[in-house]
Amino acid sequence: MGVDHDVKDLGLAAGGRLRIEWAEREMPVLRMIRERFQDEKPLRGVRLSACLHVTTETASLARTLQAGGADVVLTASNPLSTQDDVAAALVSYYEIPTYAIKGEDNDTYYQHIHAAIDHRPNITMDDGADLVSTLHKSRTDELTHVVGGTEETTTGVIRLRAMAKDGVLQYPIIAVNDAMTKHLFDNRYGTGQSTLDGVIRATNVLLAGKTVVVAGYGWCSRGIAMRAKGLGGNVIVTEVEPLRALEAVMDGNRVMPMIEAAPMGDVFITSTGDINVIDIHHFEAMKDGAIVANSGHFNVELNIAGLASIAKGEPRRVRPSVDEYVLPDGRRIFLLAEGRLVNLAAAEGHPSAVMDMSFANQALCAEYMIQHARDLQRTVYEVPEQIDKEIARIKLEAMGVQIDVLTPEQQKYLTSWEEGT
Ligand code: ADE
């Protein structure tokens, strides 16, 4: 008898398995952890519900947790990010109950989250905090089994810190996002490359010579701006935080308010974590043919309802992942992937080589949580430094990169204060 599931089509499983195997070639750290987990079974008997983007990389993580003895179920963390062939392979080949269909409506999205909660998890693994928030809002009866959790992304960590601040968070959660081996690589290089990949796959526009407006200058937006520039774009950054804005200027970008950038941009990409970053008055100021995408966790960064309210008639799907909105004077605005994270909805998400480190953090933090939860408070924790450093060390080793070691003389110098000019 097969495992419980709600996926698009189990007939896609063979292709999904091939793509999972392809991704695993680039995930040496996770592979190494899986081998140890296989022997040591540190998660034996642990029920783990994961709410993550259902991709080839997530499949590798789920298999690693399973190898460690965990009883894993997986639900999507976004209605548009699921890779249906991967969901099918997880069910058919790896016996991991999976609830995820690309394009599912909001009701189905939450039904799937409830299915993951029905698993009565001891550990939650979240990307965006929808699983944790649903548990705390409407399934408090299931909180008694949960000993701890992990959170993958900036947006989720912000939500969880707000819960901890309000005293409502009911169990400890490790902010995987905040590990150096996560955000410095996944957020910057992963989001940078995959976001441009999404824009290009959706539109096939040439970016050389185009004005690309990037909203925000956190780690994700820095990566997007850097890659847009690398493809020949003229980059404008919008920010609200002076230090970040200054950094954007000194990195060679133009910086200005969104309302000034709006008439100049050919392509707009938001990645700020806040709402209505592109609002009605910005859409109204855009030129004909402007392309608008979001790469932040939620589609709220764009006021899509506002765009629909000022557009004539219904939007027209002109290519997969491209909806055309026509303003009353005939100007057209092209919205990508319904404003969902364009890197996952129109491309394949971050490449495996960076997810290797992010998900190594997830696996090791799940293990840490099982070992230490009873000593932790109901709040948000940083990833332990030894986990972060160990992942960096293994990744370098796997890449065949060697580094220097301090000599005893150098070590002594670093701890002394007498020597000066
Ligand atoms: N978030 C961004 N890219 C991802 C990927 N490839 N898999 C899972 N989560 C992601």
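Up top is the structure these notes are about.
Not measured: the values here are computed from a predicted model.

Calculation criteria
Residues numbered from 1 in each chain as written. Predicted model: local features only at pLDDT ≥ 70, side-chain atom pairs only at ≥ 80, totals over all residues. Heavy atoms only, no water. Near = heavy atom within 4 Å. Polar contact = N/O pair within 3.5 Å; in protein donor to acceptor, adjacent residues only side chain to side chain. Areas by Shrake-Rupley, 256 points an atom, 1.4 Å probe, with all protein chains shown as cover. Salt bridge = Lys/Arg side-chain N within 4 Å of Asp/Glu carboxyl O. Helix = DSSP H or I, 4+ residues; strand = E, 2+ residues; numbered from the N terminus. Buried < 20%, exposed > 50% of the residue type's maximum accessible area, 1.4 Å probe, protein only. Axes fitted to C-alpha atoms, helices over the stretch in contact; angles between N-to-C directions. Parallel < 35°, antiparallel > 145°, perpendicular 65-115°, else oblique. Left-handed = near helix turned anticlockwise from the far one by under 90°. Contact = heavy atoms within 4.5 Å. Nonpolar A, V, L, I, M, F, W, Y, C, P; charged D, E, K, R; others polar. Core = buried A, V, L, I, M, F, W, Y, C linked by side-chain atoms within 4.5 Å. Expected span 1.5 Å × (residues − 1). Disulfide = S-S within 2.5 Å. Phe/Tyr/Trp six-rings, centres within 6.5 Å; stacked < 30°, edge-to-face > 60°. Pairing = 2+ DSSP bridges.

**Here's the deal with the site of the ligand**
- If you check the shell around the ligand, you find His53, Thr55, Glu57, Thr58, Leu344, Glu348, Gly349, His350, Met355 and Phe359 and nothing else.
- Taking Thr55, its side chain carries an N or O atom lying 2.7 Å from a nitrogen atom of the ligand.
- His350 places a polar main-chain atom, nitrogen or oxygen, 2.8 Å from a nitrogen atom of the ligand.
- Protein contact buries 96% of the 260 Å² of open area that the ligand shows by itself.

**Quick look at the pattern of salt bridges**
- Taken as a whole and assessed by the stated rule, the structure comprises 26 salt bridges.
- With a shortest N-O distance of 3.1 Å, Arg63 and Glu24 are connected by a salt bridge. Remark: Glu24 occurs in helix H1 (residues 13-24) and Arg63 occurs in helix H3 (residues 56-67); sequence separation between them is 39 residues.
- Among the residues examined, Glu24 registers a relative accessible area of 10% and is labelled buried.
- Of the charged contacts, one joins Arg222 and Glu247 as a salt bridge, the two residues approaching to 2.8 Å between their closest N and O atoms. With Arg222 in helix H9 (residues 219-230) and Glu247 in helix H10 (residues 242-250), this pair connects stretches of sequence that are 25 residues apart.
- You can call Glu247 partly exposed: its relative accessible area is 32%.
- Residues joined by salt bridges that share partners form a network here, namely Arg19, Asp85, Asp197, Arg201 and Glu348.

**So, the packing of H3 against helix H15 (residues 352-372)**
- As a packed pair, H3 and H15 sit with axes 10 Å apart at the nearest point and diverge in direction by 30°. Classified by the angle between their axes, H3 and H15 sit roughly parallel to one another. Both H3 and H15 take part in a crossing whose hand is right-handed. Here Glu57, Thr58, Leu61, Thr64 and Leu65 of H3 come into contact with H15, specifically with Ser352, Met355, Phe359, Gln362, Ala363 and Ala366.
- Of the residues assigned to the contact of H3 with H15, the class counts are six nonpolar, four polar and one charged.

**Considering the nonpolar core**
- One finds Leu48, Val54, Leu61, Leu65, Leu90 and Met125 to be the most contacted residues of the largest nonpolar core, which totals 50 residues.
- Looking at this core, the element that brings in the most residues is H15, giving ten residues.
- Residue contacts for Leu65: discarding those within four places in its chain leaves Leu43, Leu48, Ala70, Val72, Met125, Ala363 and Ala366.
- Core analysis: the next-biggest nonpolar cluster, separate from the first, contains 23 residues, Ala215, Ile236, Ala261 and Leu302 among them.

**Overview of helix H7 (residues 154-165)**
- For H7, which comprises twelve residues, the first-to-last C-alpha distance of 16 Å matches the rise-based estimate of 16 Å (1.5 Å per residue) to within 8%.
- By the burial criterion, the buried members of H7 are Thr155, Gly156, Val157, Leu160 and Met163.
- Each element contacted by the buried residues of H7 is listed here: helix H6 (130-138), strand S6 (148-151), strand S7 (173-175) and strand S16 (380-382).
- Backbone geometry just after H7 places Gly167 at a positive phi near 70°.

**Structural notes on the state of the cysteines**
- Summed over the entire model, instances satisfying the criterion amount to zero disulfides.
- Cysteine Cys51 shares no disulfide, and the gap to the nearest cysteine sulfur, in Cys365, comes to 18 Å.
- The class of Cys365 is buried, set by a relative accessible area of 0%.

**Describing the packing of aromatic side chains**
- The full count for this structure, using the stated rule, is three aromatic pairs.
- Relative to Tyr189, the ring of Phe185 lies with its centre 6.3 Å away and its plane at 40°, an arrangement referred to as tilted. Here Tyr189 and Phe185 lie together in helix H8 (residues 180-203), a separation of four residues that amounts to about one turn.
- On the basis of relative accessible area, Phe185 is assigned to the partly exposed category, the value being 29%.
- The class of Tyr189 is partly exposed, set by a relative accessible area of 29%.

**Here's the deal with the sheet that holds S7**
- With parallel pairing, eight strands are arranged side by side in an open sheet as S1-S4-S3-S2-S5-S6-S7-S16. Two strands lie at the open edges of the sheet, namely strand S1 (5-7) and S16, each paired on one side alone. Strand-to-strand twist in this sheet, taken as the mean axis angle between neighbours without regard to direction, amounts to 20°.
- For S1 and strand S4 (residues 98-100), the ladder comprises three bridges, and the chain directions are parallel. Counterpart to His5 in the pairing with S4 is Thr98.
- Sitting on the sheet, helix H5 (residues 106-118) touches S1, strand S2 (47-52), strand S3 (71-76) and S4, and the angle it makes with S3 is about 170°.
- The sheet contacts of H7 involve S6, S7 and S16, and relative to S16 the element is tilted by about 130°.

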